[in-house]
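# Summary of the model geometry
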Amino acid sequence: MSTAQRSLGEGRTNWKKAAVVALPAFVAVGAMASVMAEGALAASFAVSGTSFQVSSGKLTSKGLASYVETDRSVDGKGHPVALLGIGDATLSDICQAAEVKTPLGTVVFKLTAGGDAGNVTASNLVIDGEDLVGDARFGTAQIGRDASTLDEVSGVKGEKGKFGLQAGNIEVSKVRSHAWSATGGNFRLKGMRLDVSLGGGKCF
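Residues numbered from 1 in each chain as written. Predicted model: local features only at pLDDT ≥ 70, side-chain atom pairs only at ≥ 80, totals over all residues. Heavy atoms only, no water.

A word on the confidence of the model for the chain. Interpreting fine coordinate detail is not advised for predicted regions of low pLDDT. Looking at the chain, pLDDT values average 81 and 78% of them are 70 or higher. By mean pLDDT, helix 1 (residues 15-37) is the weakest element of the chain at 44, and strand 8 (residues 141-146) is the strongest at 96. Every residue in residues 2-11 scores below 50 in pLDDT, and together they form 20 contacts with partners more than four places removed in sequence or on other chains. Every residue in residues 15-22 is under pLDDT 50, and counting partners more than four places away or in other chains gives eight contacts. (pLDDT = per-residue confidence, 0-100. Helix = DSSP H or I, 4+ residues; strand = E, 2+ residues; numbered from the N terminus. Contact = heavy atoms within 4.5 Å.)

Take a look at the structure:
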């Protein structure tokens, strides 16, 4: 795992200062990953002021439900999103990356899992995304259904009168998304790796 570093004028590295900045990031992201793995992370929370990347080589699911929602950060600012509810999801791999500004420079938090270690699985995966790109195949689709009547994914329903859509079995390859939040029950992250680095590479 890479460590945030800063070269001083004398050519030395201030390891103590780097540790003070990096340690809270490791603890916070590590704790979030642990709670997500236990399926205990609530869907209703204030989002940070930074969206993040999510990608996967292939995603399959027994169903999908979606409607427009608004996420809010602690300052009250709203972020319009497409709430994507995905039931019993299987992903060939997963990557999540976010850029965060620190006194040392822009740090990239990057979490990866799956690949050679095996598939990543989650039940009732919910992604609040700004966009979603990929090659998709849907089962029976219902577009324009009232969001309050969605029943393809357990617990994923919107307000009456809101536009919604849902579909049966889905398969999406080359998944790319910019999201504000992601939650899931019974998240299983095989081969999980967390990197925190200055100017590190993102998912795409």
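Quick look at the nonpolar core now. The biggest cluster of nonpolar side chains holds 24 residues, and the ones touching the most others in it are Val120, Leu125, Phe187 and Leu189. Where this core is concerned, the elements lending two or more residues are strand 1 (52-61), strand 4 (89-91), strand 5 (93-102), strand 6 (105-114), strand 7 (120-138) and strand 10 (170-188). When residues of this core are assigned to their parent elements, the largest contribution, six residues, is made by strand 10. Excluding anything up to four places from it in sequence, Leu125 contacts Leu84, Gly85, Ile86, Ala89, Thr183, Gly184 and Phe187. Grouped together as the second largest cluster of nonpolar side chains are eight residues, Ala65, Leu83, Leu150 and Val156 included. (Core = buried A, V, L, I, M, F, W, Y, C linked by side-chain atoms within 4.5 Å. Buried < 20%, exposed > 50% of the residue type's maximum accessible area, 1.4 Å probe, protein only.)

One pass over the full model with this rule turns up one disulfide. Covalently, Cys95 is tied to Cys203 through a disulfide, its sulfur atoms 2.0 Å apart. What sets the handedness of the Cys95 and Cys203 disulfide is the S-S torsion sign, and at about -85 degrees it is left-handed. Residue Cys95 is found in strand 5, and its partner Cys203 is found in the segment after strand 11 (193-198); the two are separated by 108 residues along the sequence. Exposure remark for Cys95: the relative accessible area of 8% places this residue in the buried category. (Disulfide = S-S within 2.5 Å.)

A full pass over the atoms with the stated rule returns six salt bridges. Note that Lys58 is salt-bridged to Glu171, the shortest N-O span being 3.9 Å. With Lys58 in strand 1 and Glu171 in strand 10, this pair connects stretches of sequence that are 113 residues apart. Here Asp195 ties to Arg193 by a salt bridge, and the two come within 3.0 Å at their closest N and O atoms. A relative accessible area of 15% means that Asp195 is categorised as buried. Note on Arg193: relative accessible area 47%, which makes it partly exposed. Through salt bridges with shared partners, a single ionic network connects Lys58, Arg137 and Glu171. (Salt bridge = Lys/Arg side-chain N within 4 Å of Asp/Glu carboxyl O.)

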